[in-house]
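# Coordinate analysis (summary)
Next come the chains, spelled out residue by residue.
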Amino acid sequence: MIDHRPIRIAALYHFTRFEDPSALREGLLDCAERNGVRGTLLLANEGINGTIAGSDAGIGKVLDHIRTLPGCDNLEWKESRAAEMPFHRTKVRLKREIVTMGQPDLDPLQGVGTYVDPQDWNTLISDPGTILIDTRNDYEVAIGTFEGAIDPATKSFREFPEWFRARRADFEAEGRKPKIAMFCTGGIRCEKSTAFLKSEGLDEVYHLKGGILKYLEEVPEAQSRWQGECFVFDERVSIKHGLEVGSHSLCRACRRPLNETDLAHEHYVEGVSCHRCYPERSEEQRARYAERQRQAKLAEARGEEHVGRKTDDG
């Protein structure tokens with residue numbers, strides 16, 4: 001069935017070698033702004049990563065531009081549709097890493113794990129000998145994951161190497177060589193996590209090609225091993241099978257997903273706090289968020305968009 005929703009969303013990443021990412025920034029930002037495309041793109045010496053949204057033609061122009069960048073001619077991306085624009089502005093940021101793991105000598109271009117297509121993923125993770133690891137952060141795992149997956153309970157991807165090293169002896173119990181399968185939202189974190197495991201001397205390492213997004217797009221719900229919803233880093237908040245928008249809302253203070261029970265908690269105040277971030281923020285911060293929320297409501301009443309509604313504290 002053809003999806004006629006007007007907004008085209010492209011999630012992409014590509015590892016390549018950019019000698020001077022800063023020289024690429026202005027041209028990419030200009031192309032996105034001229035074509036009405038919003039979202040965030042990250043540039044680093046190791047490549048490009050991000051999610052953008054706009055009209056079909058606008059997204060096409062930006063993807064064409066990215067394919068002209070060094071080593072990006074074979075760029076791949078994942079697409080979905082939305083009824084409304086899921087981003088408030090356009091950003092092209094320079095970073096040390098396009099996904100931060102804190103392992104500066106790790107180079108996915110030198111070798112990653114074995115890609116597994118979504119159609120073959122169920123067979124792999126159904127094998128009792130497979131150790132299945134979710135590489136995402138704890139708040140992402142909380143709203144959905146694959147049946148039987150290990151949750152490292154990490155607050156950030158930087159914690160993953162230390163977590164794995166601490167657990168490695170368990171995985172290699174009785175002298176066995178573990179078979180490890182890993183997954184993440186779009187695939188980029190697994191490029192680094194599988195490269196990391198291989199650098200640690202493990203050979204039988206697999207990852208889900210295209211990530212959870214590709215799996216939810218291609219694997220029928222009746223055959224799925226996925227449980228719950230998948231967190232995404234835009235205004236959709238979460239998605240379900242078929243890449244349909246999920247049921248979660250977003251805390252504007254900490255950027256964590258919230259379900260109906262969370263919204264009913266005494267510490268939830270729209271745009272100000274939720275039960276998770278309430279003890280993490282000061283009264284001064286919550287007062288600042290409350291003022292930002294007030295300004296957002298005034299802008300909404302005027303029919304304007306208040307781009308300051310997001311916070312950098314999360």
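Residues numbered from 1 in each chain as written. Predicted model: local features only at pLDDT ≥ 70, side-chain atom pairs only at ≥ 80, totals over all residues. Heavy atoms only, no water.

### Observations concerning the confidence of the model for the protein chain
- Looking at the protein chain as a whole, the pLDDT averages 93, with 96% of positions reaching at least 70.
- Below a pLDDT of 50 lies the segment residues 309-314, which in the model reaches 22 contacts outside its immediate sequence neighbourhood of four places, other chains included. (pLDDT = per-residue confidence, 0-100. Contact = heavy atoms within 4.5 Å.)

### Some words on unusual backbone geometry
- Notably, A153 is not glycine yet its phi reads approximately 55°, a positive angle.
- Mapped onto the elements of the fold, A153 is located in the loop between strand 8 (144-146) and helix 5 (160-171).
- For A153, a relative accessible area of 45% translates into the label partly exposed.
- Notably, L243 is not glycine yet its phi reads approximately 60°, a positive angle.
- Note that L243 resides in the loop between strand 13 (238-239) and strand 14 (249-250). (Helix = DSSP H or I, 4+ residues; strand = E, 2+ residues; numbered from the N terminus. Buried < 20%, exposed > 50% of the residue type's maximum accessible area, 1.4 Å probe, protein only.)

### Details of the state of the cysteines
- According to the stated counting rule, one finds zero disulfides in the structure shown.
- Of the cysteine sulfurs around C31, a residue in no disulfide, the closest is that of C72, at 13 Å.
- Using a relative accessible area of 5% as the deciding quantity, one classes C31 as buried.
- The cysteine C230 is free of any disulfide, with C184 supplying the nearest cysteine sulfur at 9.4 Å. (Disulfide = S-S within 2.5 Å.)

### Considering the packing of helix 5 against helix 6 (residues 188-199)
- The contact between helix 5 and helix 6 brings their axes to 11 Å, and the two run at 40°. The angle between helix 5 and helix 6 places the two elements in the oblique class. For helix 5 against helix 6, the interelement crossing comes out right-handed. On helix 6, the residues touching F160, P161, F164 and R165 of helix 5 are S193, F196 and L197. (Axes fitted to C-alpha atoms, helices over the stretch in contact; angles between N-to-C directions. Parallel < 35°, antiparallel > 145°, perpendicular 65-115°, else oblique. Left-handed = near helix turned anticlockwise from the far one by under 90°.)

### Overview of the sheet that holds strand 1 (residues 7-15)
- Strand order in the open sheet made by the five strands is 4-1-3-2-5, with mixed pairing throughout. Two strands in the sheet have a free side with no partner beyond their single neighbour: strand 4 (77-82) and strand 5 (90-94). This sheet shows a mean twist of 10° between the axes of neighbouring strands, independent of strand direction.
- Two elements, strand 1 and strand 4, share six bridges in a ladder whose sense is antiparallel. Opposite I7, over in strand 4, you have A82 as the bridge partner.
- Where helix 1 (residues 22-34) meets the sheet, its contacts fall on strand 2 (38-44), strand 3 (47-54) and strand 5, and the angle it forms with strand 5 comes to roughly 170°. (Pairing = 2+ DSSP bridges.)

### Concerning the layout of surface pockets
- One number sums up the size of the second largest pocket: a volume of about 520 Å³.
- Taken together, 23 residues form the lining of the second largest pocket, with Y13, E76, Y115, E191 and K209 sitting closest to its centre.
- Looking at the lining of the second largest pocket element by element, the count peaks at five residues for strand 1.
- Counted by class, the lining of the second largest pocket contains 11 nonpolar, five polar and seven charged residues. (1 Å grid on protein atoms, 1.4 Å probe; cavity = no way out; pocket = protein on both sides within 12 Å on 5 of 7 lines; lining within 4 Å. Points joined across faces, edges and corners; volume = space filled by probe spheres on them. Nonpolar A, V, L, I, M, F, W, Y, C, P; charged D, E, K, R; others polar.)

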